[in-house]
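# Reading the structure
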Amino acid sequence: MSGFGPGDPFLADCPARLTVELIADKWTVVVLAGLSKGPVRHGELVELIGGISRKVLTQTLRRLEAHGLVRRHAYDEVPPRVEYELTPLGETLTDPIRSLTEWAKANGNAVLDALDADPELSGC
């Protein structure tokens, strides 16, 4: 039994679950955190985040833009300049992401220790 009943926010077709799935993507929280201090250019985000390809960053930014969390601003200049920033809706995630980041800092070693303690889970 799943424990979810009618009207539960985590049923498959519920907007809350779809939103959690968007935020739970590997790069979403990192990209939103990178945008939390103001507008940033694509290349700057690649350098800031590290480990993300330009293609994956572009896909992530497009998905976040389509869902109303990020705004893309293309300036009418030569050479072209594009910046990304959080929308007001995206800014509402800043505090939850900050809290999650603090939790990860405080508990990251414990999570890794638990993984290392179980050889079946760590692949050793």
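The structure under discussion appears in the preceding block.
Reading the values: rules and limits
Residues numbered from 1 in each chain as written. Predicted model: local features only at pLDDT ≥ 70, side-chain atom pairs only at ≥ 80, totals over all residues. Heavy atoms only, no water. Helix = DSSP H or I, 4+ residues; strand = E, 2+ residues; numbered from the N terminus. Buried < 20%, exposed > 50% of the residue type's maximum accessible area, 1.4 Å probe, protein only. Contact = heavy atoms within 4.5 Å. Areas by Shrake-Rupley, 256 points an atom, 1.4 Å probe, with all protein chains shown as cover. Pairing = 2+ DSSP bridges. Axes fitted to C-alpha atoms, helices over the stretch in contact; angles between N-to-C directions. Left-handed = near helix turned anticlockwise from the far one by under 90°. Nonpolar A, V, L, I, M, F, W, Y, C, P; charged D, E, K, R; others polar. Core = buried A, V, L, I, M, F, W, Y, C linked by side-chain atoms within 4.5 Å. Patch = residues over 30% accessible without salt bridge, like charges linked within 9 Å, V, L, I, M, F, W, Y side chains within 5 Å. Salt bridge = Lys/Arg side-chain N within 4 Å of Asp/Glu carboxyl O.

## Structural notes on the overall build of the chain
- Along the chain, the regular secondary structure elements total seven helices and three strands.
- Taken from the N to the C terminus, the helices and strands of the chain come in the order α-α-β-α-α-β-β-α-α-α.
- Expressed as a percentage of its 124 residues, the buried residues of the chain come to 23%.
- At a minimum sequence separation of 6, the contacts of the chain that also span at least 24 residues come to 41%.
- Summed over all atoms, the accessible surface of the chain reaches about 8700 Å², with 58% contributed by carbon and sulfur.

## What about the sheet that holds strand S2 (residues 70-75)?
- Taking strand neighbours across the sheet as the criterion, the three strands line up as S1-S3-S2 in an open arrangement whose pairing is antiparallel. In this open sheet, the two strands that pair with only one neighbour each are strand S1 (40-41) and S2.

## Focus: the packing of helix H2 (residues 28-35) against helix H3 (residues 42-49)
- Following both chains from N to C, one finds H2 and H3 inclined at 115 degrees, their axes separated by 10 Å at the closest point. With respect to the hand of their crossing, H2 and H3 are arranged in right-handed fashion. Contacts from Val 30, Val 31, Gly 34 and Leu 35 of H2 reach H3 at Leu 45, Leu 48 and Ile 49.
- Tallied by class, the residues present in the contact of H2 with H3 amount to six nonpolar, one polar and no charged.

## Concerning the side chain of His 42
- With respect to the helices, strands and loops of the structure, His 42 is situated in helix H3.
- Judged by its relative accessible area of 16%, His 42 falls in the buried class.
- If we ignore the near neighbours within four places in the chain, the residues touching His 42 are Arg 54, Leu 57, Thr 58, Leu 61, Val 82 and Tyr 84.

## Side note on the nonpolar core
- Val 31, Leu 32, Leu 35, Leu 57, Leu 61 and Val 70 are the most contacted members of the largest nonpolar core, which has 19 residues in total.
- Contributing elements (two or more residues each) for this core: H2, H3, helix H4 (54-66) and strand S3 (81-86).
- Ignoring any residue separated from it by four or fewer positions in sequence, one finds Val 70 in contact with Leu 32, Leu 35, Leu 61, Leu 64, Glu 65, Tyr 84, Glu 85, Leu 86 and Thr 87.

## So, a nonpolar patch on the surface
- Together, Leu 100, Trp 103 and Val 111 make up a nonpolar patch on the protein surface, roughly 310 Å² of accessible area in all.
- You can call Val 111 partly exposed: its relative accessible area is 45%.

## Overview of the pairing of S2
- Of the strand pairs in this sheet, S2 and S3 are connected by six bridges, and their pairing is antiparallel. Bridge assignment links Arg 72 to a residue of S3, and that residue is Tyr 84.
- Counting the residues between successive antiparallel strands, the hairpin from S2 to S3 contains five residues.

## Topic: the pairing of S3
- Sheet topology places S1 next to S3; two bridges connect them, and they run antiparallel. Among the inter-strand pairings, Arg 41 is bridged to a residue of S3, identified as Glu 83.

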